[in-house]
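Chain by chain, the residues:
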Amino acid sequence: VSESAAKLPSKILELMDGFRASKALFVASKLKIFDHLKDKGPLKAVDIADEVGTSVCGTERLLDACAGLGLLEKTTQGYSNTDSTNTYLTSDGEYSLHGYVIHSNDHLWPLFTNLESAVKEGTRQNHRAFGKKAEDLFKDYYHSQEVKQRFMAAMHSIAHLTARDVATAFDLSRFRSACDLGGCTGALAHELVQIYPNLKVTVFDLPEVIANTSYFQPSGQHTAQVTFVSGDFFKDNLPEADLYILSRVLHDWPDEKIHVLLSKVSAVCKPGCGILLAEMVLDDEKKNRSTALLQSLNMLVQTEGKERSGSEYQALLEQHGFTNVKIRMRGNLLDAILCVKT
Ligand code: SAM
């Protein structure tokens, strides 16, 4: 082996191929291969192809790729799910990410195909990816029941997975009522009432979303403490609460719109009331944590917003009278910021 061959740029090669691995995961998920393998012994490629309705030669290569990526186990008897695949990739797994994977394939992939235009123009690319661009970016999601359901399922899957971390980042037991602005399916709200049984949470979101929340409701304790209210947080009166929650909401918007929203929250907030933000928080120099930096590109291709650093969030909050800003880096998909109205 020559010296140059021994020093292959493995990081670059891995990045160059990254999209192939993503697409293999997306296609296996779209074909519901992980669902077919759930609770079954090892299955041969020919049987999976038969059940899914795909070619044997294509299915075998996809299954082998998934096994190579660690998503499946392969033995002489055939292919089976790993524990992690059962939990996260089957559509009814406890912490299923299936919704987000499908959203990534159907929505984010076409948008990222236009990343070059997004960078050149500095704007979202819905018109190039989908042939239209509504004034309000959420109208692009909610124009059809199918796209709306897919978007809500995607939001729900990440919110459910991260809810405990967000809900326990700070001790919120002093708050009696919370309003989750842009709270979507109520996944975080339901986790909050499990952890804080004395808390009542109002989930506030656009009417199209609120009309579609029943599909996502859990059964179990304290569910009556979560209520849903529809409205537009830029225009309508906000429900009264001790704590306002904005989870993955501020990153959708430019500073000007955040000022409109925070000034409305500030106007209804009494001294001692708080705001809890859940976002991927960037380091001040914006040079670490590639997941969060890539998430900011994800915001570029589809929204008017971006990911921000802890000091940027602090500056936005302080302009509206929210101080004592505390940041808990969870190092996961979402970090948490708590501040208090003085
Ligand atoms: N908070 C949820 C989470 O973390 O999973 C959902 C985040 S999603 C990126 C943004 C949410 O804000 C969507 O549910 C969307 O419908 C809602 N939203 C957008 N514009 C809104 C508006 N003007 N008024 C109320 N909700 C809005």
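What counts and how
Residues numbered from 1 in each chain as written. Predicted model: local features only at pLDDT ≥ 70, side-chain atom pairs only at ≥ 80, totals over all residues. Heavy atoms only, no water. Axes fitted to C-alpha atoms, helices over the stretch in contact; angles between N-to-C directions. Helix = DSSP H or I, 4+ residues; strand = E, 2+ residues; numbered from the N terminus. Parallel < 35°, antiparallel > 145°, perpendicular 65-115°, else oblique. Left-handed = near helix turned anticlockwise from the far one by under 90°. Contact = heavy atoms within 4.5 Å. Nonpolar A, V, L, I, M, F, W, Y, C, P; charged D, E, K, R; others polar. Near = heavy atom within 4 Å. Polar contact = N/O pair within 3.5 Å; in protein donor to acceptor, adjacent residues only side chain to side chain. Pairing = 2+ DSSP bridges. Domains from an automatic or database assignment. Buried area = accessible area lost by both parts, 1.4 Å probe. Buried < 20%, exposed > 50% of the residue type's maximum accessible area, 1.4 Å probe, protein only. Right-handed = clockwise from strand over helix to strand, strands pointing away. Phe/Tyr/Trp six-rings, centres within 6.5 Å; stacked < 30°, edge-to-face > 60°. Lys NZ or Arg CZ within 6 Å of the ring centre and 35° of its normal. Expected span 1.5 Å × (residues − 1). Bend = angle between axes of the 7 residues up to and from the residue. Core = buried A, V, L, I, M, F, W, Y, C linked by side-chain atoms within 4.5 Å.

## Thoughts on the packing of helix H7 (residues 98–113) against helix H15 (residues 290–302)
Helix-helix packing: each pair is described by the crossing angle between the helix axes and the interaxial distance.
Then step 1. One way to put it is that H7 packs onto H15 with a least axis distance of 10 Å and a crossing angle of 65°. Taken together, H7 and H15 sit at an angle that is classed as roughly perpendicular. Crossing geometry of H7 relative to H15 is assigned as left-handed. In this structure, H7 uses Tyr100, His107, Leu108, Leu111 and Phe112 to contact H15, whose residues at the interface are Leu294, Leu297, Asn298, Val301 and Gln302.
Then step 2. Among the residues making up the contact of H7 with H15, the classes are represented as seven nonpolar, three polar and no charged.

## Topic: the site of the ligand
Then step 1. Around the ligand, a shell composed of 17 residues is seen, among which Tyr142, Gly182, Asp205, Ser247 and Arg248 lie nearest.
Then step 2. A distance of 2.7 Å is found between an oxygen atom of the ligand and a side-chain nitrogen or oxygen belonging to serine 247.
Then step 3. A distance of 2.7 Å is found between an oxygen atom of the ligand and a side-chain nitrogen or oxygen belonging to arginine 248.
Then step 4. Every element with two or more residues in the shell around the ligand is listed here: helix H10 (137–142) and helix H11 (145–167).

## So, the sheet that holds strand S4 (residues 200–205)
Then step 1. Pairing in this open sheet of seven strands is mixed, and the strands run S5-S4-S3-S6-S7-S9-S8 from one edge to the other. The outermost strands of the open sheet, each flanked by one partner alone, are strand S5 (226–230) and strand S8 (322–328). Looking at each pair of strands side by side, their axes are set apart by 20° on average, direction ignored.
Then step 2. Pairing between S8 and strand S9 (residues 335–341): five bridges, direction antiparallel. Its bridge partner lying in S9, arginine 328 is registered against alanine 336.
Then step 3. Of the strands in this sheet, strand S3 (177–181), S4, S5 and strand S6 (243–247) are in contact with helix H12 (residues 187–195), which crosses S4 at around 175°.

## A closer look at the domain arrangement of the protein chain
Then step 1. Each assigned domain of the protein chain is listed with its residue range as follows: domain 1 (3–89) and domain 2 (99–341).
Then step 2. Using C-alpha coordinates to define each centre, domain 1 is positioned 32 Å away from domain 2.
Then step 3. Each partner contributes to the interface: domain 1 provides eight residues, whereas domain 2 provides seven residues.
Then step 4. Carbon and sulfur atoms supply 76% of the area buried between domain 1 and domain 2, which totals about 700 Å² over both sides.
Then step 5. The largest contributions to the domain 1 side of the interface with domain 2 come from Lys23, Phe26 and Lys30, which together make up 67% of the buried area.

## As for the pairing of S4
Walk down a regular strand and you will see the side chains alternate between the two sheet faces.
Then step 1. By the criterion of burial, S4 is predominantly enclosed, with five of the six residues buried.
Then step 2. Relative to S4, S3 runs parallel, the two sharing five bridges. Directly across from aspartate 180, in S4, lies its bridge partner valine 203.
Then step 3. Since S3 and S4 lie parallel, the crossover through H12 that links them has a hand, and here it is right-handed.

## So, the packing of aromatic side chains
Then step 1. Applying the stated criterion to the full structure yields 11 aromatic pairs.
Then step 2. When the centroid spacing of 5.0 Å and the interplanar angle of 90° are considered together, the rings of phenylalanine 234 and tryptophan 253 count as edge-to-face. Placement of phenylalanine 234 in the loop between S5 and S6 and of tryptophan 253 in the loop between S6 and helix H14 (255–268) is noted, with a sequence separation of 19 residues between them.
Then step 3. Stacked on the ring of tryptophan 109, the Lys or Arg lysine 23 has its end atom at 4.5 Å from the ring centre.

## Concerning H7
Then step 1. With 16 residues, H7 should cover 22 Å at 1.5 Å per step; its first-to-last C-alpha distance of 21 Å lies within 8% of that length.
Then step 2. Along its length, H7 reaches its greatest deviation from straightness, about 40°, at serine 104.
Then step 3. Most of H7 sits inside the fold, with 12 of its 16 residues counted as buried.
Then step 4. Of all the positions in H7, only His98, Gly99, Tyr100, Val101, Ile102, His103, Ser104, Asn105, Asp106, His107, Leu108 and Leu111 are classed as buried.

## Examining the nonpolar core
Then step 1. Counting 44 residues, the largest nonpolar core has Leu181, Leu246, Val265, Ile275 and Leu317 as the members making the most contacts within it.
Then step 2. Here this core gets five residues from one element, more than from any other, and that element is H11.
Then step 3. In this view, valine 265 contacts Leu181, Leu238, Tyr244, Ile275 and Phe322; residues no more than four positions away in its chain are not counted.
Then step 4. In terms of nonpolar packing, the next biggest core, distinct from the first, is built from 24 residues, Leu172, Val201, Val203 and Leu276 among them.

## Focus on the side chain of threonine 82
Then step 1. You can see threonine 82 is positioned in the loop between strand S2 (78–81) and helix H6 (83–88).
Then step 2. Aside from chain neighbours lying at most four places away, what touches threonine 82 is Gly70, Leu71, Leu72 and Glu73.

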